[in-house]
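Listed here are the chains, written in short residue letters.
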Amino acid sequence: MPKISRTLAATVILATLAATAWPALAQDKPALQRIRERGALIVGVYNEMPPFHAGGQGIDVALAGALAQALGVKLSLLPFNAGEDMNDDLRNMVWRGHYLGFGPADVLLHVPVDRPLMATNPRVNIFAPYYRERVMIARDLAKAPKLESLADLGSQKIAVPGQSLAGWLLIGADSGKYAGQLVTKLKDGTEAAALLQRGEVVAAAGHASELESVLAGDARFAIEPLPLPRMREGWVVGLAVKKESEDLARALQAAVNTLTENGELGKMFATAKVGWRKP
């Protein structure tokens, strides 16, 4: 192999240094400036999370579009599969990027606004709560006219996604009393609600948004809180950006405030047949 001249070697080194320094220089700009120069807001949304995102449609997709519009730029949607836990998602989609080579996004949607989560993720700013989710149960009024406790369902089948909070609650309820009547091999609460709608089960449990998106407005069914003593009042979801993206956080918070105050946020939920619950 021929020897490389000192001049050529120096040129290669300088070009390499310039290429590696450019991203760092770009990162020195305020986040909002970078986004406006790019002309697009990159928004991370969870894959297969109906009614918030499924097949490029849903509440979070509508919200992402409204946020981009508020900043005066186009929307660049970045769907992704959830990691093992929320800490993984914040690392992969907010402050570092995924090891497969995509991300991070400018902002991630549907992040729990939770103090312990904030404390364990100091490189992230979680803010702008936009919805309160709850675990609920839907029932066929003709087959289960009352539901003061799960015992009122007798031995009838209950649909619930097993790998979910609703699933864990029902599997463990009353020391596992109802485990044998649960239909759990379901992807999410919308599938559970569909089984109820078809008359294959007497009740279906899941997130309120999942059940409502399928059953809301159908007088045959009631959707109400899961009758368990340990049931929480729900949790709030919001946005997440890098800790240093302070200008972006302020702009997005202002946008969410406006969407809430002018009723546009509520309309996004209503379009999906989901009742918007104030955070």
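For the structure itself, consult the block above.
Rules and cut-offs
Residues numbered from 1 in each chain as written. Predicted model: local features only at pLDDT ≥ 70, side-chain atom pairs only at ≥ 80, totals over all residues. Heavy atoms only, no water. Core = buried A, V, L, I, M, F, W, Y, C linked by side-chain atoms within 4.5 Å. Buried < 20%, exposed > 50% of the residue type's maximum accessible area, 1.4 Å probe, protein only. Contact = heavy atoms within 4.5 Å. Pairing = 2+ DSSP bridges. Helix = DSSP H or I, 4+ residues; strand = E, 2+ residues; numbered from the N terminus. Axes fitted to C-alpha atoms, helices over the stretch in contact; angles between N-to-C directions. Parallel < 35°, antiparallel > 145°, perpendicular 65-115°, else oblique. Left-handed = near helix turned anticlockwise from the far one by under 90°. Nonpolar A, V, L, I, M, F, W, Y, C, P; charged D, E, K, R; others polar. Polar contact = N/O pair within 3.5 Å; in protein donor to acceptor, adjacent residues only side chain to side chain.

Caption draft 1: Looking closely at the nonpolar core. Ranked by internal contacts, the top residues of the largest apolar core, which has 70 residues, are L41, L67, L109, Y130, L239 and L252. Excluding residues that lie within four positions of it along the chain, L252 makes contacts with L41, L67, L71, V107, F127, L239 and V241.

Caption draft 2: Broad picture of the sheet that holds strand 4 (residues 124–133). In spatial order, the strands read 2-1-3-10-4; together these five strands make up an open sheet with mixed pairing. A strand with exactly one partner marks an edge of an open sheet, and here the two such strands are strand 2 (74–80) and strand 4. Going from strand to strand, the sheet's axes swing by 30° on average, the running direction of each strand aside.

Caption draft 3: Looking closely at the packing of helix 7 (residues 189–197) against helix 8 (residues 208–215). Relative orientation of the contacting elements helix 7 and helix 8 amounts to 40°, with a least axis distance of 8 Å. Comparing the axis directions of helix 7 and helix 8 gives the class oblique. Classified by chirality, the crossing of helix 8 by helix 7 is right-handed. On the side of helix 7, the interface is formed by G189, T190, A193, A194, L196 and Q197, while helix 8 contributes E210, L211, S213, V214 and L215. When the residues that make up the contact of helix 7 with helix 8 are grouped by side-chain class, the tally is six nonpolar, four polar and one charged.

Caption draft 4: Looking closely at helix 8. With eight of eight residues buried, helix 8 lies mostly within the body of the structure. Looking only at helix 8, the buried set comprises A208, S209, E210, L211, E212, S213, V214 and L215. Where the residues of helix 8 are buried, they touch strand 4, strand 5 (135–140), helix 7, strand 8 (203–207) and strand 9 (221–225). Just downstream of helix 8, G217 is the residue with a positive phi angle, here 90°.

Caption draft 5: How the structure looks around unusual backbone geometry. Omega for the bond connecting P50 with P51 falls within 30 degrees of zero, at 5°, which places this linkage in the cis form. The residue P51 is located in the loop between strand 1 (40–46) and helix 3 (59–71) in this model. A cis amide bond links G103 to the next residue, P104, at an omega of 0°. Relative to the helices and strands, P104 resides in the loop between helix 4 (86–95) and strand 3 (107–112). Although it is not a glycine, H110 adopts a positive phi angle of roughly 65°. On the secondary structure map, H110 appears in strand 3. Residue H110 is classed as buried on the basis of its relative accessible area of 11%. Although it is not a glycine, D174 sits at a positive phi angle of roughly 50°.

Caption draft 6: Fine view of the packing of helix 3 against helix 10 (residues 264–271). Contact geometry for helix 3 and helix 10: axes closest at 9 Å, N-to-C directions at 150°. Between helix 3 and helix 10, the crossing angle belongs to the class labelled roughly antiparallel. Helix 10 is crossed by helix 3, and the crossing has right-handed handedness. Touching I59, A62, L63 and A66 of helix 3 are L265, M268 and F269, all from helix 10. A per-class count over the contact of helix 3 with helix 10 returns seven nonpolar, no polar and no charged.

Caption draft 7: Geometry of the side chain of D106. By the element assignment, D106 lies in the loop between helix 4 and strand 3. Of the polar contacts made by the side chain of D106, one reaches the side chain of R38; its length is 2.6 Å. Side-chain polar atoms of D106 contact the backbone nitrogen of I42, separated by 2.7 Å. The contact partners of D106, leaving out residues within four places of it in the chain, are I35, R38, A40, L41, I42, A240, V241 and L248.

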